[in-house]
Amino acid sequence: MGSKPKACLSSGVMTCSAGAALVVCTTAGWLCHVNCIIATTGDLNVFAYDNAVTASGTILYRRKLDSSTIMGTGGSRIDVFPIPISFGNGLVLTCTGTAPDGAIAGYATRSL
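Residues numbered from 1 in each chain as written. Predicted model: local features only at pLDDT ≥ 70, side-chain atom pairs only at ≥ 80, totals over all residues. Heavy atoms only, no water.

K.L.:
Looking at this model, I keep getting lost on the overall build of the protein chain. Mind explaining?
P.N.:
On a plain count of helices and strands, the protein chain comes out with zero helices and nine strands. Considering the protein chain as a whole, with its 112 residues, one finds that 40% of them fall into the buried category. Expressed as a percentage of contacts within the protein chain between residues at least 6 apart in sequence, the contacts between residues at least 24 apart total 82%. Accessible surface, the protein chain as shown: approximately 5600 Å² in total, 56% of it carbon and sulfur. (Helix = DSSP H or I, 4+ residues; strand = E, 2+ residues; numbered from the N terminus. Buried < 20%, exposed > 50% of the residue type's maximum accessible area, 1.4 Å probe, protein only. Contact = heavy atoms within 4.5 Å. Areas by Shrake-Rupley, 256 points an atom, 1.4 Å probe, with all protein chains shown as cover.)

K.L.:
Help me understand the sheet that holds strand β6 (residues 58-65) in this model?
P.N.:
Backbone-to-backbone hydrogen bonds pair the strands of a sheet. The strands run either parallel or antiparallel. Ordered in space as β3-β8-β5-β6, the four strands form an open sheet in which the pairing is antiparallel. Looking at which strands have only one partner, the edges of the open sheet turn out to be β3 (21-25) and β6. Taking the axes of each pair of neighbouring strands and ignoring which way they run, one obtains an average angle of 20 degrees across the sheet. The pairing of strand β5 (residues 44-50) with strand β8 (residues 91-96) spans five bridges and is classified as antiparallel. Bridge pairing links V46 to C95 in β8. (Pairing = 2+ DSSP bridges. Axes fitted to C-alpha atoms, helices over the stretch in contact; angles between N-to-C directions.)

K.L.:
Explanation requested: the state of the cysteines in the structure shown.
P.N.:
A covalent bond between the sulfur atoms of two cysteines is what we call a disulfide. The final tally for this structure, using the stated rule, is one disulfide. Here C8 engages in a disulfide with C32; their sulfurs sit 2.0 Å apart. Across the disulfide from C8 to C32, rotation about the S-S bond amounts to roughly -75 degrees, and the bridge is consequently left-handed. With C8 in the segment before β1 (9-10) and C32 in strand β4 (residues 29-38), this residue pair connects regions lying 24 residues apart in the sequence. Looking at C8, the relative accessible area reads 39%, which means it is partly exposed. Sulfur of C36: no disulfide; nearest cysteine sulfur belongs to C95 and is 7.7 Å away. (Disulfide = S-S within 2.5 Å.)

K.L.:
I would appreciate a short explanation of the packing of aromatic side chains in the present structure.
P.N.:
Within this structure, the stated rule accounts for two aromatic pairs. Between F47 and Y49, the aromatic rings sit 6.2 Å apart at their centres with planes inclined by 20 degrees, giving stacked as the arrangement. With 5.9 Å between their ring centres and 70 degrees between their planes, Y61 and F81 make a pair best called edge-to-face. Taken together, the positions of Y61 in strand β6 and F81 in strand β7 (residues 75-87) put the pair 20 residues apart, joining distant regions of the chain. For Y61, a relative accessible area of 6% puts it in the buried group. (Phe/Tyr/Trp six-rings, centres within 6.5 Å; stacked < 30°, edge-to-face > 60°.)

K.L.:
Would you explain the pairing of β8 in this entry?
P.N.:
Working note: regular strand, side chains alternate between the two faces of the sheet. Taken across its six residues, β8 has five buried, putting it largely inside the fold. Bridge count between β3 and β8: four bridges; the pairing is antiparallel. Residue pairing for β8: A21 is matched across the bridge by T94.

K.L.:
Even after reading the chapter, I still don't get the nonpolar core, so can you show me in this structure?
P.N.:
Core analysis: the largest hydrophobic core is formed by 22 residues, its most contacted members being L31, L44, V46, Y61 and L91. Looking at this core, the elements with two or more residues in it are β3, β4, β5, β6, β7, β8 and β9 (102-109). With four residues, β4 is the largest single contributor of residues to this core. Non-local contacts of L91, meaning those with residues more than four positions away in its chain, are made with L22, V23, V24, C25, L31, A48, Y49, N51, L60, A105 and Y107. (Core = buried A, V, L, I, M, F, W, Y, C linked by side-chain atoms within 4.5 Å.)

Next comes the structure, spelled out in structure tokens:
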């Protein structure tokens, strides 16, 4: 599996679109953090999968943000993993919410 990453990359902001999948990485690596962003008044669900193509397989991460617990719009929650979560196939994010809600993944490939 290799040693822990020395640096993490950013997926950039993935805007929610009816649960559409965002392929973040197509090789083995580590999930370093996930930032869930609520910009509307609806709830937000974010999932990360160990898959290089689609939103299926092993769920590495899941987070539900209830909009009633966020003060107004523009709230976020970041989950940082002191020991990064290893994935073997790739990394795919899905986000169920309403645009412009979104998520950002911090990740590293095995070569970093």
